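Fold and contact review
One-letter residues, chain by chain:
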Amino acid sequence: EICACLVGSEMCIRDRYEAIPKKNNRYNLKKEFFHSVQVPWHVHLEYELAYIHVTNGTKHIGSHFDLLQKDEVLLLGPYLPHNWQVNKKEIGSADYQIIIHFSDSIFGQDFFDLYPFTSINELLKKSELGVCFKDEVALNVKEQMEQMLQMDEFDRDIELLKLLNYLAGSPNKTQLSYYGFRNTHNEERVQRMNKVFKYITINYKESISLKEIADIANMTPQAFCKYFKERTQKTLTEFINEVRISHACKMLYSEEYNIEQICYDSGFNSPSNFNRQFKKTVQMTPLEFRKKIQEDNVQKKE
């Protein structure tokens, strides 16, 4: 089952909430070539396991922004905003990705809490901040995912378990983001939350009031506050600020923008509030974050 997703104009929105079509509401497996696909900044409610083969590209996952290696495997938890971009001038005919989207209840509620699968459960928890695998591990995963495209549903299920178990046992994994966006995993069928997250990821640069978000959810402000906190472990303000800070992290990788420009472009109304919220979330100021990026780039060149 190989599908190439052609992207229409509505998909070009910079920030969006993605609804993942899953076979039998369980998982989605697809292979896409980058000459016909783009991956915009988006979030979704499912886990995402992605093998990416590119010549020249970048990835942005939560607070993390970096070059894509030729072969990478990414495991991303629910509600973790992400995108990757391929240099259009250097897209090769063989630049592609294989993606699996699945929920934590794909094999039944609390399945991964069972003893034989505790290592997978730990891996899924780490994926809330994004986990990256490279080199030999990535190539082994590539082979398994290529084979899964040709399997029937039963064999795919078994192979997915084996794949997650293999990644859980790999010592060569790297955490990507400084922070996550949620701590619970049971919202994939809640359309009310779909609308809320879509609105926030599109309008985070604007002033978003509690009342307008509550109206979208068709709830009173008081009821919505309780509802949102129970499902994300965050207040609405905390979540909006984290979406804004994630955008700011991406901009900080470019010397083109100064801190004040980044502050306002990210939706904050003052540099002092921007600095305070950024440090609260990332554990360093925007300036310290930019200096760390510069130091990391120097080390990579050495």
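Reference entry: report on the structure contained in this document.

Definitions and cut-offs
- Residues numbered from 1 in each chain as written.
- Predicted model: local features only at pLDDT ≥ 70, side-chain atom pairs only at ≥ 80, totals over all residues.
- Heavy atoms only, no water.
- Core = buried A, V, L, I, M, F, W, Y, C linked by side-chain atoms within 4.5 Å.
- Buried < 20%, exposed > 50% of the residue type's maximum accessible area, 1.4 Å probe, protein only.
- Helix = DSSP H or I, 4+ residues; strand = E, 2+ residues; numbered from the N terminus.
- Axes fitted to C-alpha atoms, helices over the stretch in contact; angles between N-to-C directions.
- Parallel < 35°, antiparallel > 145°, perpendicular 65-115°, else oblique.
- Contact = heavy atoms within 4.5 Å.
- Nonpolar A, V, L, I, M, F, W, Y, C, P; charged D, E, K, R; others polar.
- Expected span 1.5 Å × (residues − 1).
- Arc of directions from axis to C-beta.
- Pairing = 2+ DSSP bridges.

Quick word on the nonpolar core
Ranked by size, the top nonpolar core spans 32 residues in total, and within it Leu49, Ile100, Phe102, Phe112 and Met145 carry the most contacts. Within the residue set of this core, elements represented by two or more residues are β2 (27-33), β4 (47-53), β7 (71-76), β9 (96-102), α1 (118-126), β10 (131-133), α2 (135-148) and α3 (153-168). Here the element with the most residues in this core is α3; it accounts for six residues. Judged by nonpolar contacts, the second largest core, of 19 residues, contains Val196, Ile200, Ala214 and Leu236.

Focus on the packing of α2 against α3
What describes two packed helices is the angle between their axes and the distance between those same axes. Packing of α2 against α3 leaves a shortest axis separation of 10 Å and a crossing angle of 175°. Relative to α3, the element α2 is oriented roughly antiparallel. When α2 is examined against α3, the residues Glu136, Val137, Asn140, Val141, Gln144, Met145 and Met148 are found in contact with a partner set consisting of Arg156, Glu159, Leu160, Lys162, Leu163, Tyr166 and Leu167. Looking at the contact of α2 with α3 residue by residue, the classes come out as eight nonpolar, two polar and four charged.

Points about helix α6 (residues 221-232)
With 12 residues, α6 extends 16 Å from end C-alpha to end C-alpha; this agrees with the ideal 16 Å at 1.5 Å per step. Within α6, burial applies to Phe224, Tyr227, Phe228 and Thr232. Viewed end-on, α6 has its buried residues packed into an arc of 105°, placing them on one side of the element. Seen from the buried face of α6, the exposed residues on the opposite side, beyond 90 degrees, are Gln222 and Lys226. Phi for glutamine 233, located one or two positions after α6, is positive at around 60°.

A few points about the sheet that holds β9
The antiparallel open sheet is built from six strands, whose spatial order is β2-β9-β4-β7-β10-β11. Each edge of the open sheet carries a strand with a single partner, namely β2 and β11 (174-175). Sheet topology note: the β7/β10 ladder contains three bridges and is antiparallel. Note that in β10 the partner of leucine 75 across the bridge is valine 131. Against the sheet, α2 engages β2, β4, β7, β9 and β10, with an angle of about 75° to β9. The strands touched by α3 within the sheet are β2, β4, β9 and β10, with β2 carrying the most contacts at an inclination of about 80°.

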